[in-house]
Amino acid sequence: RSSDLCQAGNAIGSLRSQDVRLNVQYAPRKVVIGIPSGMWITENSDVTLTCNADANPEVQEYRWYEKEKILRDKGKTLLLETIQWSEAGPYRCETKNAIGSKTSDIVTLTVYYAPKDVKLEILPQKTLKEGDSARLQCTIKTSNPAVDTYTWYKDARLYRNGQDSVIPFPSLTSMDSGSY
């Protein structure tokens, strides 16, 4: 994409040509996905990914992939509205113009969210008597970031707070009865 001219000369003088434009066309290159930087992408937020490429002529077609699945949106930007934790993972975009095509490197989208499917179990699962040992175990399906605090309640009152997902009862007493 430059303007070129030439100048011819002899002992009598010189003359310049008119400019001519040399336009070298090429397939897309330097294909990069732009993602929001410096922010945590949290569940239920909106996220915009942008597919940038250097091409001549300009890119005419964009195709987006999530985990190897083609997405419907074929524009330069991909809007992920109210993103869910299950949408985290690899994304890439493919660009095409009249000369050729090029695909971006994979970008891994990380989505942060609160713990999912919190369950409380009494172990062992049997009729318990005074003197028996038991434990309460809090489990979760998934969390990002990882769970770092467990808050325990007994009869709707704060019972214990800390990093333990298990409360052991080495020898049960009637005082241990309650709703946890």
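Here is what the cut-offs are and how they apply
Residues numbered from 1 in each chain as written. Predicted model: local features only at pLDDT ≥ 70, side-chain atom pairs only at ≥ 80, totals over all residues. Heavy atoms only, no water. Disulfide = S-S within 2.5 Å. Helix = DSSP H or I, 4+ residues; strand = E, 2+ residues; numbered from the N terminus. Core = buried A, V, L, I, M, F, W, Y, C linked by side-chain atoms within 4.5 Å. Buried < 20%, exposed > 50% of the residue type's maximum accessible area, 1.4 Å probe, protein only. Phe/Tyr/Trp six-rings, centres within 6.5 Å; stacked < 30°, edge-to-face > 60°. Salt bridge = Lys/Arg side-chain N within 4 Å of Asp/Glu carboxyl O.

This paragraph deals with the state of the cysteines. This structure, assessed with the given rule, holds 1 disulfide. Linked covalently through their sulfurs, Cys51 and Cys93 form a disulfide whose S-S length is 2.0 Å. Because the torsion about its S-S bond is 70 degrees, the bridge between Cys51 and Cys93 counts as right-handed. With a gap of 42 residues between them, Cys51 in strand 6 (residues 47-56) and Cys93 in strand 10 (residues 89-96) connect regions that are remote in the sequence.

Right, let's get into the nonpolar core. Within the largest apolar cluster, 19 residues are counted, with the highest numbers of intra-cluster contacts made by Leu49, Trp64, Leu78, Leu80, Ile83, Tyr91 and Leu109. Sorting the residues of this core by element identifies strand 5 (26-34), strand 6, strand 7 (61-66), strand 9 (77-80), strand 10 and strand 12 (107-109) as the ones contributing at least two each. With 4 residues, the single largest contributor to this core is strand 6. Ala134, Cys138, Ile167 and Phe169 belong to the second largest nonpolar core, which has 8 residues in total.

Here the focus is the packing of aromatic side chains. Applying the stated rule across the entire model yields 4 aromatic pairs. Seen from their ring centres, Trp85 and Tyr113 are 5.5 Å apart, and the 40 degrees between their planes marks the pair as tilted. Within this pair, whereas Trp85 is found in the loop between strand 9 and strand 10, its partner Tyr113 is found in strand 13 (residues 113-116), the two being separated by 28 residues in sequence. Tyr113 gets classed as buried once you look at its relative accessible area, which sits at 12%. Their ring planes at 90 degrees and their centres at 5.6 Å tell us that Tyr159 and Tyr180 sit as a pair that is edge-to-face. With Tyr159 in strand 18 (residues 157-162) and Tyr180 in the segment after strand 19 (166-169), this pair connects stretches of sequence that are 21 residues apart. The exposure class of Tyr159 is partly exposed, given its relative accessible area of 33%.

This part is about the pattern of salt bridges. One pass over the structure, following the stated rule, counts 4 salt bridges. As a salt-bridge pair, Asp54 and Arg29 come within 3.3 Å of each other at their nearest N and O atoms. Of this pair, Asp54 sits in strand 6 while Arg29 is found in strand 5, placing the two residues 25 residues apart along the sequence. Look at Arg29 and you get partly exposed, because its relative accessible area is 39%. Residue Glu43 pairs with Lys116 through a salt bridge whose shortest N-O separation is 2.6 Å. Of this pair, Glu43 sits in the loop between strand 5 and strand 6 while Lys116 sits in strand 13, and the two are 73 residues apart along the sequence.

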